[in-house]
Amino acid sequence: MQNPNENEKAPELAKGYEHREVEARWYPFWQERGYFHGDEHDRTRPPFSIVLPPPNVTGSLHLGHALTATLQDVLVRWKKMSGFNTLWLPGTDHAGIATQMIVERELKKTEKVSRHDLGREEFLRRVWIWKERFGSRIGQQHHALGASLDWQRERFTMDEGLSRAVREVFVRLYEEGLIYREKKLINWCPDCRTALSDLEVEHEEAHRGELWSFAYPLVEPAQGPAGTITEIVVATTRPETMLGDTAVAVHPDDERYRDLVGRKVRHPILGREIPIVADAILVDPKFGTGAVKVTPAHDFNDFEVGKRHGLELVTVIDVDGRMNANAGPLAGLDRFEARKEVKRLLAEKGLDRGTQPHVLPLGRCQRSQTVLEPMLSDQWYVKIEPLARPAIEAVEQGKTRFIPEQWTNTYMAWMRNIHDWCISRQLWWGHQIPAWYCPDGHVTVARTTPSACATCGKPELRQDEDVLDTWFSSALWPFSTMGWPDQTDTLRTFYPTSVMETGHDIIFFWVARMMMMGLHFMGEVPFRTVYLHPMVRDEKGQKMSKTKGNVIDPLVVTEKYGADALRFTLAALTAQGRDIKLSDQRIEGYRAFANKLWNASRFALMNLAGHEERGEDVSTLAASPAERWILARLQRTVNETVAALEAFRFNDAANAVYAFVWHELCDWYIELAKEALYGEDLALKHATQAVLVRCLETSYRLLHPFMPFITEELWHVLRTQVKAQAWPDSILAAAYPQTGPVDEAAERSFGPVLGIIDAIRNIRGEMGIPFKVKLGVQAKVEIAVADQATHDLLLAGELARIQRVAGVEGVNVTLAAATPPAPQSAVGVGPGFEVRVPLAGVIDLAAETARVDKEIAKVEQDLAGIERKLQNPSFVQKAPPEVVEKDRARAEELREKRGKLDAHRAMLSGSEANPARRDSMENQNEQKPSVEVPAEAAPAPAPAPAPVEQQEAPSPVVQTAEKIVAAGAEAAQSAIEAVKSGVEAMVEKAKSVARAPAAAKPARKAAAKKKPAARKAAARKPAKAAVKAAVKKAAPRKAAKAAAKAAPKKGAKKAAPKRVVAKRAARKPARKPARKPARKPAARKAPARRAARKGKR
RNA sequence: GGGCGGAUAGCUCAGGGGUAGAGCGUCGCCCUUACAAGGCGAGGGUCACAGGUUCGAAGCCUGUUCCGCCCA
């Protein structure tokens, strides 16, 4: 098939991403090119195979299936791109009961006939028609989801080949003595009219029923310890079963009934005599009257009692839930009507001994929710223990591992006390049991229809009418679908499968049984890894079910939001250990992500004119810091994504790419790149374009397993745009990005640039300065950086980016510890830099003071915590040296930061102390308009931050400030003119801030906190609590004192009186923080998101 | 009755000994020519409770309370 984009000359992307149009195009493209086909002859590439858990053929996929499809497709596409020979094998399950019920119901509705009216053959013909008609919907749904399934290998459990496998397995197990037929009590569904296995019973934990007591009259009165006994009272939750009672049991040690054992009671309705037996297992003498009625044919416990005491088995309920002839006068009644009738009859006879509410467990049919009936019947069983043992060992030996690991226990527990598996079902739709009976009752089990009885040779044979449990055939799925019992190349190449990915709800039904069958018939586990995904629930956390009406068709979602958005959502929510609550809101968010990616690409295309992909090594081209930085972040993202995929942490993988694309590539790099893209420096422009292309195409490849459609689309568009002939003609044929070393130096050295921008943006945001009001117009923005490298880097070009991104016009960079003080400014401080934004005339001292106080409080809190740690000798001695060193560096950084903020704060309060000065400023028009301090003019460090004592006398800082204030008066005046438009809002804000000082809010909050709790906390961790409380008050100075006062000696010491710290900071101000970045991404598990968000690197 | 899981920001949830995070929602500013499905900034946490281990606990251990699920 032709590349759908090949004809397009100059791709021009639509303004927004239109998933409908794009998603319709690519599935046929992939399929027709054979990308989905697993090659059984290819032995050069390592194989990677998954068999799709077969959905019910007549059903339609719900979101649980969508999750299955998504996760498996993520794995398969990822592995394919990583060089594996992948096979993902699709198929459907005939789903015996479910399908038969649907078709029966439909026949009843449309033709008013039952399956019995039609006869077996005709009925089955109808089911096949039904299957053909509705089976295709599942395929369509998988197409819409983008599932890269190998449709050439699609299978159906009732296919000829799979049916052959089923017969083969049945016969072999029978021959090995592992399949047998026996009359036992089974769970019977009167509605489905079939036997069920234990697993198909849903236990209703606490059904509110009632316990009804009645008296059995003794045939002959007896003497008890308390006098003559004429009756024995028993209680039951199921009165109708008394018609099948064949004993009354008491405990052998029970004094009350000792003389009664061996005697008889008379059945009040049927008249027969019933023995009284002693049974220590069944009877709890403390419960009720201590006497129990026994119905061996209708109760599992009673059945055992019957075996122990050789009791008669009387079946009174028929397959349809009605009373049979053994029920005497009640024959023909429905079991629940019979219940009422029994009570009525016994009340008439004066034997009713009352009713009381009772909570009991109740078994219901998984399929129809009907209350199940224990029923005595002939059924086929698999003797399971010999099969379970190897399946246990395989897991113990690590041949198959479960993810999440905790499922191992669940699997083991079930396997270790597993019961024989009832595999026969009284249905027509399914694999008919390959057993034939002759008139003499001999059984012949054979692969093909036998002509004569294997035992007596009689030719009149009748095949067993029952079919096999659907799970019997699906247990063979991993090898029956690959051609077994033939030894095919497909089996040789792709068995065992690599991963079994399915919901944890079918770990017993399916996973465990596949393990047993795989090991038994293939001699090898069916899969190396079992990944069990969580359940998808609605946004209220409810299980999706038809009866609740909250089932969502994936097609509806893909139509509305796009398959990519749905897939990404599901992957991003698939964390181990918790169910998924899916909401539209969430999907909308990821649709926005698709749009974001689209628009980032759109931007690139608009700025790639003339750029061609020449296969250059981008890392050598990209000498400039921003380029090196984004490439380092990209590599880190690749590493994180691949590591997460390898560990089946789908959410981590999805989030890593998401965070990179949105918060680093789009929020940061694209903005930073504009300077070069719009600029005149061709070499820089070229390098930037190359890096942009690299980032985008790598992101596409990273994302492709999650969002196949949009990435394929963009891949082609970009490929065409940059004439990248070397790129494969489908992203699915491209290589998945490879892990590699991260350029940490690039990440570190770029930190100050991001920090400076952040600082300026913060000032803007907090002071409410709109972006269109440029900063540094009258008086320049001052940036002081502490180390030469950063200084050089800024002047070499990064400064221009900062200006563009932060909206700065005039700027001045100095190599210094701090910027010159200026009271009409806001200051931002980070590791290794200080930024001063002049806001002459605009600045609101209260607002800036509040902002700085907030910042100081934060620093105080962090610093107090760290210093407390560092002052603890055992921490320094016992903690790993790296940790201690890290904390020391961090403390140093914080002290420096606080020193700078303190200095700024001190100056602000100096200005505040003389508000009149501000008014006078506006009248001093004669002054020189500039406060410019050229870089060269300030080589020496600025005056040391003011120690606290100097507040009392005019400090050097304040003196300097005063000078500058005087000098800057005119600047202030003109700045007012300049920013007039933007100011009004600021003034408003300033006023409100002035009215309600920042201190008020936290203080109120602190007051609202419950005092006892705070005190309690303080008692436990004095220093921490005190500091915390102090910070909440948002008056750092006072708070520090309060903390010192409140805390016991130890705490006070740890609270590190501000004065001392300020001095210490002043003593060594010029530490080079660039060496110790605030955040060292490598050291953190998931640094990207946080770091990106805060922009602190 | 046994087992497993969960309790972290208003909501939905990540994180699993070393500076408490995301998405959505909230608040403020902005249509800054990729994107208003957007940008910038901000606020928001006794990590259920009580003990213990540790230099250090949201995480590990013990117990308690609630909420799920599985098995009998």
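Residues numbered from 1 in each chain as written. Chains lettered and ligands numbered in written order. Predicted model: local features only at pLDDT ≥ 70, side-chain atom pairs only at ≥ 80, totals over all residues. Heavy atoms only, no water.

1. Digging into the overall build of chain A
Quick note on the threshold: Segments assigned H or I by DSSP are reported as helices when at least four residues long, segments assigned E as strands when at least two residues long, and all are numbered from the N terminus. Three labels apply to residues, based on accessible area from a 1.4 Å probe with only protein chains included: buried if under 20% of the type maximum, exposed if over 50%, partly exposed otherwise in between.
For chain A, the helix and strand inventory stands at 39 helices and 29 strands. Here chain A holds 1097 residues, and the buried ones make up 53% of them.

2. Considerations on the packing of helix H1 (residues 19–32) against helix H16 (residues 554–561)
In plain terms, the rule: Throughout, an axis means a line fitted to C-alpha atoms (over the contacting stretch in the case of helices), and angles, computed between N-to-C directions, take values from 0 to 180 degrees. To sort the angles, those under 35 degrees are grouped as roughly parallel, those over 145 as roughly antiparallel, those from 65 to 115 as roughly perpendicular, and the leftovers as oblique. Contact definition: two residues touch when any of their heavy atoms are within 4.5 Å. The classification used treats Ala, Val, Leu, Ile, Met, Phe, Trp, Tyr, Cys and Pro as nonpolar, Asp, Glu, Lys and Arg as charged, and all other residues, Gly among them, as polar.
Where H1 meets H16, the axes come as close as 8 Å, and the angle between the chain directions of the two elements is 120°. Comparing their axes, H16 and H1 come out oblique. Contacts from His19, Arg20 and Glu23 of H1 reach H16 at Thr558, Glu559, Lys560 and Tyr561. Classifying every residue of the contact of H1 with H16 by side-chain character gives one nonpolar, two polar and four charged.

3. Section: the sheet that holds strand E27 (residues 811–815)
How we decide: Two strands make a pair as long as DSSP finds a minimum of two bridges between them.
Taken in spatial order, the four strands line up as E27-E26-E29-E28 in an open sheet, and their pairing is mixed. Strands with a single pairing partner mark the edges of an open sheet, and in this sheet they are E27 and strand E28 (825–830). Each strand of the sheet is rotated relative to its neighbour by a mean of 15°, with strand direction disregarded. Pairing of E28 with strand E29 (residues 833–838) involves six bridges; the strand directions are antiparallel. Following the sheet pairing, Val829 is matched in E29 by Glu834.

4. Digging into the packing of aromatic side chains
Filter applied, for reference: To pair, rings of Phe, Tyr and Trp, with the six-membered ring standing in for Trp, must have centres within 6.5 Å; the planes then decide the type, stacked if under 30 degrees apart, edge-to-face if over 60, and tilted in the middle.
Overall, the coordinates contain 37 aromatic pairs when judged by the stated rule. Relative to Phe84, the ring of Phe48 lies with its centre 6.3 Å away and its plane at 75°, an arrangement referred to as edge-to-face. Remark: Phe84 occurs in the loop between helix H2 (63–81) and strand E2 (85–89) and Phe48 occurs in strand E1 (residues 47–51); sequence separation between them is 36 residues. Ring centres of Tyr531 and Phe650 lie 5.3 Å apart, and the angle between their planes is 70°; this geometry places the pair in the edge-to-face category. With Tyr531 in strand E23 (residues 527–533) and Phe650 in helix H21 (residues 650–677), this pair connects stretches of sequence that are 119 residues apart.

5. Focus: the confidence of the model for chain A
We count it as follows: Residue-level confidence of the predictor, termed pLDDT, takes values from 0 up to 100.
With 81% of its residues at a pLDDT of 70 or more, chain A shows a mean pLDDT of 78. A low-confidence stretch, residues 5–10 stays under pLDDT 50, and its non-local contacts, those more than four residues away or across chains, total nine contacts. A low-confidence stretch, residues 913–1097 stays under pLDDT 50, and its non-local contacts, those more than four residues away or across chains, total 213 contacts. Reported confidence for the predicted complex is 0.95 by ipTM and 0.79 by pTM.

6. Some points on the sheet that holds strand E19 (residues 443–445)
Spatially, E19-E18-E20 is the arrangement adopted by the three strands of the open sheet, whose pairing is antiparallel. Bordering the open sheet on either side are E19 and strand E20 (462–463), each of which pairs with just one other strand. As judged from the three bridges shared by strand E18 (residues 435–437) and E19, these two strands associate in the antiparallel manner. Paired with Tyr437 across the two strands is Val443, which belongs to E19.

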